[in-house]
There are 2 protein chains.
Amino acid sequence: MFSERQQQIVETAIKIIAQRGIQNLTIKNIASEIGISEPALYRHFSSKLEILKAVITYFQIKMQPALEKLNRSINSLNKIESFIIEHLKIISQNQDFAKVIFSEANFQNEENLILKMNNMMNRSHKVLETVIQSGQKNNEIRTDINSLSLIRMIIGSMRLLVTQWSMSGMIFNLENEGKQLSDDIKKIIVVK
Amino acid sequence: MFSERQQQIVETAIKIIAQRGIQNLTIKNIASEIGISEPALYRHFSSKLEILKAVITYFQIKMQPALEKLNRSINSLNKIESFIIEHLKIISQNQDFAKVIFSEANFQNEENLILKMNNMMNRSHKVLETVIQSGQKNNEIRTDINSLSLIRMIIGSMRLLVTQWSMSGMIFNLENEGKQLSDDIKKIIVVK
DNA sequence: CACTGGTTAGTGAATACTAACTAAGATAAT
DNA sequence: ATTATCTTAGTTAGTATTCACTAACCAGTG
């Protein structure tokens, strides 16, 4: 899908956004970070917009395993734990992701990018929704709470955790803190 | 604190960020939206950075009442409900806020702005933390869940709700949806 | 000898900000 | 009360810099 050079460009773009903000994502900065000239970039992407689209696609590819692994659990609560832990594992292994992935606002002014970003998010939410609803049917997850609220609490707290981790300068261990959060979420949603 | 013109500039800046993204927040765009010339802006703010600082201060001022009103309740659960509802009420009355206020990434490349934004957030979290901890002492809020996790679930779900509202084009009623979320949160944290 | 992936040199447009000037109103001196 | 001066908030016309992107050329590889 992406050539090696294209991958390098996308990774460099993410790095620049993470470290210096989207305002500093310029063709010149990407090129000089890689060590090639500006026009050389255009041999690999036809425009800056195409690079941004590729950034989102790259996220999608990288985060995919977090959605697949949860099928290995049968129990709904374990699936939810897996959903949380696997997402956080990938993010903590790709630290630059944290500053960029949940900042929809970064891409806000390009219709295409919003759509692409929304699709990615929605896919993720849909997976969690399915897990929750089947868990409620199986009487593993309490049914006196709206499933939409549960989704918002789970994904919302995950996202906030990542934001806090990123704003703190990655000062704490994301996976450990995620395990604690996941345990607390399980306690809260389980049928007693 | 802010002159009328300064207020108008700040409000226009928020409007532009909300509608066209931070990349389109230029002195020229602010000026022409207001109907004055670019240099006239510099009579009111010494630089673009000062305008962005003022944007954050403006948020702080506007959101302040949401933190004050919760003291009118005695019950901890009601305080939490008030925390959620009052925040959402202000945001739904200032729709442009939604796209900007929770996007820390927008201000990511200026040390001063990150600090200012973090302070604002932390103040808000501290208030909620106090409520939760005193609620746990009074046996109104369950103590088998880490208070930090509770904070993350409440604020995280609130933020996600606002993000979804904003990304959907404000298609649903934020306050109603917030009431539902708040009810579900109360159910989940109350001691039974 | 064509293709791939580089180069140098440049373009027009946009950006934050400045210089120099001005008209209207407030304040102060006579 | 009139005149002189200062301040405020605006203007037009610029500046240097940066931006995304292009033209034209070139060296190595199959």
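The notes below deal with the structure included here. (Residues numbered from 1 in each chain as written. Chains lettered and ligands numbered in written order. Predicted model: local features only at pLDDT ≥ 70, side-chain atom pairs only at ≥ 80, totals over all residues. Heavy atoms only, no water.)

### A closer look at the overall build of chain A
Note the cut-off: Each helix is a run of DSSP H or I of at least 4 residues and each strand a run of E of at least 2, with the numbering of both proceeding from the N terminus. Relative accessibility decides the category of a residue: with a 1.4 Å probe and only protein chains considered, values under 20% of the type maximum give buried, values over 50% give exposed, and everything between is partly exposed. Residue contacts are defined here by distance: any two heavy atoms, one from each residue, within 4.5 Å place the two residues in contact. The method behind every accessible area is Shrake-Rupley, applied with a 1.4 Å probe, and residues are considered shielded solely by the protein chains displayed. The convention is simple: Lys and Arg are positive, Asp and Glu are negative, and His and the chain ends are not counted. To locate a charge, the coordinates of NZ of Lys, CZ of Arg, CG of Asp or CD of Glu are taken.
Each helix and strand in chain A was counted, giving nine helices and zero strands. Along the longest, intermediate and shortest principal axes, the C-alpha atoms of chain A span 60 × 30 × 30 Å. When burial is assessed residue by residue, chain A has 55% of its 192 residues classed as buried. If you take every contact in chain A between residues at least 6 apart in sequence, the share linking residues at least 24 apart comes to 65%. When the accessible area of chain A is evaluated, it comes to approximately 8,600 Å², of which 46% is carbon and sulfur surface. Separation between the mean location of the 24 positive side-chain charges and that of the 19 negative ones in chain A comes to 1 Å.

### Quick word on the protein's contact with DNA strand C
This is how it is decided: Near residues are defined by distance, with any heavy atom within 4 Å of the molecule or strand qualifying the residue. We define a polar contact as two N or O atoms separated by no more than 3.5 Å, with the added condition that, inside protein, one atom must be a possible hydrogen donor and the other a possible acceptor, whereas residues neighbouring each other in sequence contribute only through side-chain atom pairs. Under the convention adopted here, Pro, Cys and the residues Ala, Val, Leu, Ile, Met, Phe, Trp and Tyr are nonpolar, Asp, Glu, Lys and Arg are charged, and Gly plus all remaining residues are polar.
Around DNA strand C, 16 residues are found, and the nearest of them are Arg5(A), Ser37(A), Arg43(A), His44(A) and Lys48(B). Considering the 4 Å shell around the protein, atoms of DNA strand C inside it are sugar or phosphate in 50% of instances. At a separation of 3.0 Å, a phosphate oxygen of DNA strand C approaches a polar side-chain atom of Tyr42(B). Within the contact set of DNA strand C, a phosphate oxygen lies 2.8 Å away from a side-chain nitrogen or oxygen of Lys48(B). Contributions of two or more residues to the surface near DNA strand C are made by helix 3 (38-41) of chain A together with helix 3 (38-41) of chain B. A per-class count over the surface near DNA strand C returns seven nonpolar, four polar and five charged.

### Details of the relation of the copies chain B and chain A
Relating one copy of the chain to the other requires a rotation about an axis plus a shift along that axis. Condition: We superpose the copies by least squares over the C-alpha atoms of residues that have a pLDDT of at least 70 in both of them.
With an RMSD of 0.0 Å, the fit of chain B onto chain A corresponds to turning through 180° and sliding 0.0 Å along the axis. The transformation relating the two chain copies, once decomposed into turn and shift, fits a two-fold axis. If distances are taken from each C-alpha of chain B to the rotation axis, the shortest is found for Gly156(B), at 2.0 Å. The residues that chain B uses at the interface reappear at the interface of chain A in 100% of cases, marking a shared surface.

### A look at the side chain of Ser182(B)
Residues and elements named next belong to chain B. Residue placement: Ser-182 occurs in helix 9 (residues 174-189). Relative accessible area serves as the criterion here: at 1%, Ser-182 is assigned to the buried category. If we ignore the near neighbours within four places in the chain, the residues touching Ser-182 are Glu-81, Ile-84 and Ile-85.

### Side note on the interface of chain B and chain A
We count it as follows: Reported buried area values correspond to the accessible surface (1.4 Å probe) lost by two parts on association, with both partners' losses combined. Counted as salt bridges are all cases of a side-chain nitrogen of Lys or Arg within 4 Å of a carboxyl oxygen of Asp or Glu.
At the junction of the two partners, chain B supplies 43 residues and chain A supplies 43 residues. Where chain B abuts chain A, roughly 3,700 Å² becomes buried across the two surfaces, and 56% of that area is made up of carbon and sulfur atoms. Across the chain B-chain A interface, the total number found is two salt bridges. A salt bridge links Glu177(B) to Arg152(A); its shortest N-O distance comes to 3.4 Å. Between the two partners, chain B and chain A, sit eight residue pairs in polar contact (both at pLDDT 80 or more). Per-element tally for the side of chain B that touches chain A: the top contributor is helix 8 (residues 147-167) of chain B, with 14 residues. Considered class by class, the residues forming the side of chain B that touches chain A number 16 nonpolar, 16 polar and eleven charged.

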